[in-house]
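# Understanding the architecture of this molecule
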Amino acid sequence: MNNKDVRRGANIYSKPVLGFYDLLVVRLSNTLAWRCPSRLMLDQYNRFLGQEHLDVGPGTGWYLIHAHLPERNRITLMDLNENSMEHTGFRLAGMPTAGTRPAPRAVTGNVLEPIPEHLGNFDSIATNYLFHCIPGTWETKSEAFGHLADRLTDDGVLFGGTILGHGVRHNTVGKGLMALYNRMGIFHNRDDAEAGLQQALERSFHQTSVKVVGTVAVFNARQPRR
Ligand SMILES: C[S@@+](CC[C@H](N)C(=O)[O-])C[C@H]1O[C@@H](n2cnc3c(N)ncnc32)[C@H](O)[C@@H]1O
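Our subject in this report is the structure included herewith.

Looking only at helices and strands, one finds eight helices and seven strands in the protein chain. Here the C-alpha atoms of the protein chain give a radius of gyration of 16 Å, agreeing with the 17 Å that 2.2 N^0.38 yields for 226 residues. Referenced to the eigenvectors of the C-alpha coordinate spread, the extents of the protein chain come out at roughly 45 × 40 × 30 Å. By residue count, 54% of the 226 residues in the protein chain fall in the buried class. For the protein chain, restricting intrachain contacts to residue pairs at least 6 apart in sequence, the fraction spanning at least 24 positions comes to 70%. Carbon together with sulfur atoms contributes 53% to the accessible area of the protein chain, which is approximately 10400 Å² in total. Of the charged side chains in the protein chain, 24 are positive and 21 negative; the average position of the first set lies 7 Å away from that of the second.

The following block contains the structure:
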């Protein structure tokens, strides 16, 4: 995998871009372009967040900030782009319950590489809107599921959502954004289909669930294969 392409999927998240991400993506694009309301993905956070939580590719941290965090849970942020972790860390520190939980940890890392063992294992891992930013086919992207499964507890859960490019009907706004973002190297999802995601998850987990809402595959997986 070309490292430059992988970095391009993360480099776009500069401080100014993070400044308008919530409005453009969370509030507008999710409903108007991708037809998967942010509330559905927030529901996953509320359902699955565990005591030790790893958030890979947190972006602005919108979901973490709006979710009901379990009492005293610890959040670890992992991203290739330090701006995302700084932005999310700052928002988490401003939450009223910040003093009641351990300070978040931030780790610079690429999900296509093994996740350091010293971080321990996680009860929940979120990868929301991460996989459409990762270059390659589901064959390549499935390596990331292997790394994430290695760091999940036996009864933990991996969850997320990813925008598909194949086998779904994009509306006019979605088609325009897909073409633009794929051309710019922000998205790498033209060939991403539901079946490929399902197979990629099954390689690393015994129990998987994928549901397509609009053009977004909302998924979760349990029981990592050892
Ligand atoms: C589209 S944003 C998602 C933000 C947020 N999770 C959401 O659902 O709105 C993608 C995030 O993934 C990060 N990212 C992209 N490629 C990555 C990689 N290979 N490894 C780790 N993080 C990556 C980006 O820097 C960015 O923070």
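Moving on, we get to helix α6 (residues 138-150). End to end, α6 covers 18 Å across 13 residues, agreeing with the expected 18 Å (1.5 Å per residue, within 8%). Those residues of α6 not exposed but buried are Trp138, Thr140, Lys141, Ser142, Ala144, Phe145, His147, Leu148 and Ala149.

Let us now look at the sheet that holds strand β3 (residues 105-108). Read from one edge of the open sheet, seven strands run β3-β2-β1-β4-β5-β7-β6, paired in mixed fashion. What marks the edges here is a single partner per strand, and that holds for β3 and β6 (205-213). For this sheet, the mean angle separating the axes of adjacent strands, direction not counted, is 15°. Here four bridges tie strand β4 (residues 122-126) to strand β5 (residues 152-163), and the two strands are oriented parallel to one another. By the bridge assignment, Ile125 is partnered in β5 with Leu158. Its contacts with the sheet put helix α3 (residues 38-48) on β1 (52-56), β4, β5, β6 and β7 (216-224), and the angle it makes with β7 is roughly 15°. Helix α5 (residues 82-93) rests against β2 (74-79) and β3 of the sheet, and its axis sits at about 160° to β2.

With that out of the way, let us pick up the packing of helix α2 (residues 15-32) against α5. Closest axis-to-axis distance for the α2/α5 pair is 10 Å, and the angle between their directions is 55°. Put simply, α2 runs oblique to α5. Considering how the two elements wind past one another, α2 and α5 form a crossing that is right-handed. From α2, Lys15, Leu18 and Asp22 reach across to α5, where they touch Asn83, Ser84, Glu86, His87 and Arg91. In the contact of α2 with α5, the residues fall into one nonpolar, three polar and four charged.

Calculation notes
- One numbering rule holds for all chains: residues counted from 1, following each sequence as written.
- Residues qualify for local features only when their pLDDT is at least 70, as the model is predicted, and side-chain atom pairs are given and counted only at 80 or more; totals for whole chains, interfaces and linings, by contrast, use all residues.
- Computation of side-chain values covers all heavy atoms of the structure but excludes hydrogens and water.
- Only DSSP runs of H or I covering at least 4 residues are called helices, and only runs of E covering at least 2 are called strands; the numbering of each starts at the N terminus.
- The globule rule used for comparison is 2.2 Å times the number of residues to the exponent 0.38, while the radius of gyration itself is calculated over C-alpha atoms.
- Here's how the labels work: a residue is buried when its accessible area is under 20% of the maximum for its type, exposed when over 50%, partly exposed in between, all with a 1.4 Å probe on protein chains only.
- Whether two residues are in contact is decided by their heavy atoms, any of which lying within 4.5 Å being enough.
- Only the protein chains shown count as covering a residue, and every accessible area follows the Shrake-Rupley method with a 1.4 Å probe.
- For this count, His and the chain ends are skipped, Lys and Arg are scored as positive, and Asp and Glu as negative.
- Positions of charges follow a simple convention, taking NZ of Lys, CZ of Arg, CG of Asp or CD of Glu.
- Every helix has an expected span of 1.5 Å times one less than the residues it contains.
- Paired strands are those between which DSSP finds at least two bridges.
- Fitted lines through C-alpha atoms give the axes, limited to the stretch in contact for helices. The angle between two N-to-C directions lies from 0 to 180 degrees.
- An angle below 35 degrees is treated as roughly parallel, one above 145 as roughly antiparallel, one from 65 to 115 as roughly perpendicular, and anything else as oblique.
- Should the near helix be turned counterclockwise from the far one by less than a right angle, the crossing is left-handed, whereas a clockwise turn marks it as right-handed.
- Residues are grouped as follows: Ala, Val, Leu, Ile, Met, Phe, Trp, Tyr, Cys and Pro are nonpolar; Asp, Glu, Lys and Arg are charged; all remaining types, including Gly, are polar.

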